[in-house]
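Residues per chain, in single letters:
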Amino acid sequence: MSELISAPRGVYDILPEESEQWQWLESKLKHVIQLATYREIRVPLFEHTELFKRGVGETTDIVNKEMYTFLDKSDRSLTLRPEGTAGVVRAYLSNSMHRQTPPVKLWYFGPMFRYERTQTGRQRQFHQIGIEALGSAGPAIDAEVIVVANDCLQACGITEYRLEVNSIGCTECRPRYKELLKKALEEKLPMLCNDCKDRFNRNPLRMLDCKVETCRPHFVNLPSTIAELCAPCTEHWQGLLDGLQRAGLSPIINDRLVRGLDYYGRTVFEFISTDKRLGSQSTICAGGRYDYLIDTLGGSPTPAVGWAAGLERIRLVSSAPSGAGPSVFVVSSDDKAALVTATNLRRQGISCDMDFAPAGKPRNLGKQIERANKAGARFAVIQGEDELASNSVTVKDMKSGEQTRIPAEELLSWFDGKVGAAVACTAAHD
Ligand code: ATP
Ligand code: MG
């Protein structure tokens, strides 16, 4: 026998029990997002490396440390997408979607790739769902995207989380804040980590994002982003808080929350899970306003706001059920007759399985009932020699054990209203 090949580090298989949870989550999320009239966009899994360098930013960990970049056979530098926004904005521009009536409201879902240290809630291939609203500057759309994120989490049965929001100002007021921040951190600089030292000059706002334990205690008595907002940013911020409050959300104002890139402006937010199962990887959804990004990627300046949520983390704290068994399991002494019955039931929208004996000869009925039980079937339809000879079937309720013998032609109508649709077996558990 040849040696087994294992999966690369940081990637994993989504096995059937889990993929049923994924399907459940995806349908809940898609439903909430589409009710808010966001439309799906499917963009490529790889793009020119330059897109992410510009679109995510050269000073980020993603671009500096985490990208899967390779040369193709024509020596082009390509990168597996580490996030969704850059590709969506590239598609928005390449397909002239800026000509559509704003805001253009889009959503995406799919795998992202980052070379990271793997742990619970942190993989090298992971999945994000995200929404982007391009073309509206007012705070109402910021409030909308945040409310949609909140309702997505609720729909997934997630209740233990908090919403943190902040405004990091605009190109008018942020330079002043950056100077104040540098002044406050200057004398602490020797005690901070190398990344912080590097960021001090290149991108001081990102220092606030530092996760190094020994740095955190030094970040006290820092200036507040909110206190330094200019008048239009203050008005936008108040509008956002008002919008969120009216929608019934109670955000926590965290004036240290940042997106450290210059193309982010004003609103930033995070949904942080307080569920212990997630450990320290507790941010389940993060987003903000990126008014200067479209310009950076070669389009004309367009205000935009959006978020991305990590599905692996969402699944861990959600109430996603794993799949239920089939509605019906056909138990028969004739496997060809069983296939006919199963097919008829499936064509009526009833999920149905049957026994396929390994040796080709049907197993005895008792063994088949055992399998029906193991499969979690709601009902067994039994066609023993007796039933086959008299053109009837016995329906066994697998919960109560009650058995009913009926003429074969009444089988389909017997199930009317008794079992759910076949498509998502999980629907029966909703
Ligand atoms: P973190 O600080 O946890 O590294 P991030 O700032 O890199 O997060 P974003 O780029 O904002 O994360 O991505 C949005 C969401 O995607 C995160 O809140 C998280 O739920 C999820 N996510 C990011 N990286 C990973 C990963 N490597 N594995 C699983 N989920 C991830
Ligand atoms: Mg990260």
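Residues numbered from 1 in each chain as written. Chains lettered and ligands numbered in written order. Predicted model: local features only at pLDDT ≥ 70, side-chain atom pairs only at ≥ 80, totals over all residues. Heavy atoms only, no water.

(A) Looking closely at helix 8 (residues 231-246). End to end, helix 8 covers 22 Å across 16 residues, agreeing with the expected 22 Å (1.5 Å per residue, within 8%). Phi for Gly248, located one or two positions after helix 8, is positive at around 85°. (Helix = DSSP H or I, 4+ residues; strand = E, 2+ residues; numbered from the N terminus. Expected span 1.5 Å × (residues − 1).)

(B) Quick look at the site of ligand 1. The local shell around ligand 1 holds 16 residues, among which Arg114, Glu116, Arg122, Gln123 and Gln128 are the closest. Here a nitrogen atom of ligand 1 sits 2.6 Å away from a polar atom, N or O, in the side chain of Glu116. Gln123 is positioned with one of its backbone polar atoms (N or O) 2.9 Å from a nitrogen atom of ligand 1. Expressed as a share of its isolated accessible area of 590 Å², the protein-covered part of ligand 1 is 85%. Residue assignment for the shell around ligand 1 shows that the elements contributing at least two residues are strand 6 (125-134), strand 10 (283-289) and strand 11 (304-310). The biggest single contributor to the shell around ligand 1 is strand 10, with 4 residues. (Near = heavy atom within 4 Å. Polar contact = N/O pair within 3.5 Å; in protein donor to acceptor, adjacent residues only side chain to side chain. Areas by Shrake-Rupley, 256 points an atom, 1.4 Å probe, with all protein chains shown as cover.)

(C) Representation of unusual backbone geometry in the model. In this structure, Pro103 follows Pro102 across a cis peptide bond, with omega equal to -5°. Note that Pro103 resides in the loop between helix 4 (85-94) and strand 5 (104-113). Positive phi is not limited to glycine here, since Asp75 has a value of about 60°. Along the polypeptide, Asp75 turns up in the loop between strand 3 (69-71) and strand 4 (77-80). One non-glycine residue with positive phi stands out, namely Asn391, at about 50°.

(D) Here's a closer look at the sheet that holds strand 3. A sheet is described by the order of its strands in space; here 3 strands give the open sequence 2-4-3, paired in antiparallel fashion. Each edge of the open sheet is held by one strand with a lone partner, namely strand 2 (46-48) and strand 3. Adjacent strand axes in the sheet meet at a mean angle of 35°, parallel and antiparallel pairs treated alike. Looking at chain direction, strand 3 and strand 4 are connected through 3 bridges and run antiparallel. Among the inter-strand pairings, Leu71 is bridged to a residue of strand 4, identified as Ser77. (Pairing = 2+ DSSP bridges. Axes fitted to C-alpha atoms, helices over the stretch in contact; angles between N-to-C directions.)

(E) Structural context of the state of the cysteines. Scanning the entire structure with this criterion turns up 0 disulfides. Cys152 supplies the cysteine sulfur nearest to Cys285, a cysteine that is in no disulfide, at a spacing of 7.8 Å. (Disulfide = S-S within 2.5 Å.)

(F) Highlighting the sheet that holds strand 15 (residues 392-397). Reading across from one edge, 13-12-14-15-16 is the order of the 5 strands in this open sheet, with mixed pairing throughout. At either end of the open sheet lies a strand with only one pairing partner, and these are strand 13 (352-354) and strand 16 (403-407). Between one strand axis and the next, the sheet turns through 25° on average, direction left out of account. With 4 bridges joining them, strand 14 (residues 379-383) and strand 15 adopt antiparallel strand pairing. Following the sheet pairing, Val381 is matched in strand 15 by Val395. On the sheet, helix 11 (residues 335-347) packs against strand 12 (328-332), strand 13 and strand 14 and is oriented at approximately 170° with respect to strand 13. Packing against the sheet, helix 12 (residues 365-374) makes contact with strand 12, strand 14 and strand 15, and its axis sits at approximately 170° to strand 12. (Contact = heavy atoms within 4.5 Å.)

(G) Region of interest: the pattern of salt bridges. For the structure on display, the rule yields 22 salt bridges. Here Asp355 makes a salt bridge to Arg363, at a shortest N to O gap of 2.9 Å. Judged by its relative accessible area of 7%, Asp355 is buried. In this structure, the salt-bridge partner of Arg371 is Asp355, at a minimum N-O distance of 3.0 Å. Taken together, the positions of Arg371 in helix 12 and Asp355 in the loop between strand 13 and helix 12 put the pair 16 residues apart, joining distant regions of the chain. Salt bridges sharing common partners tie together Asp61, Lys65, Asp195 and Arg199. (Salt bridge = Lys/Arg side-chain N within 4 Å of Asp/Glu carboxyl O. Buried < 20%, exposed > 50% of the residue type's maximum accessible area, 1.4 Å probe, protein only.)

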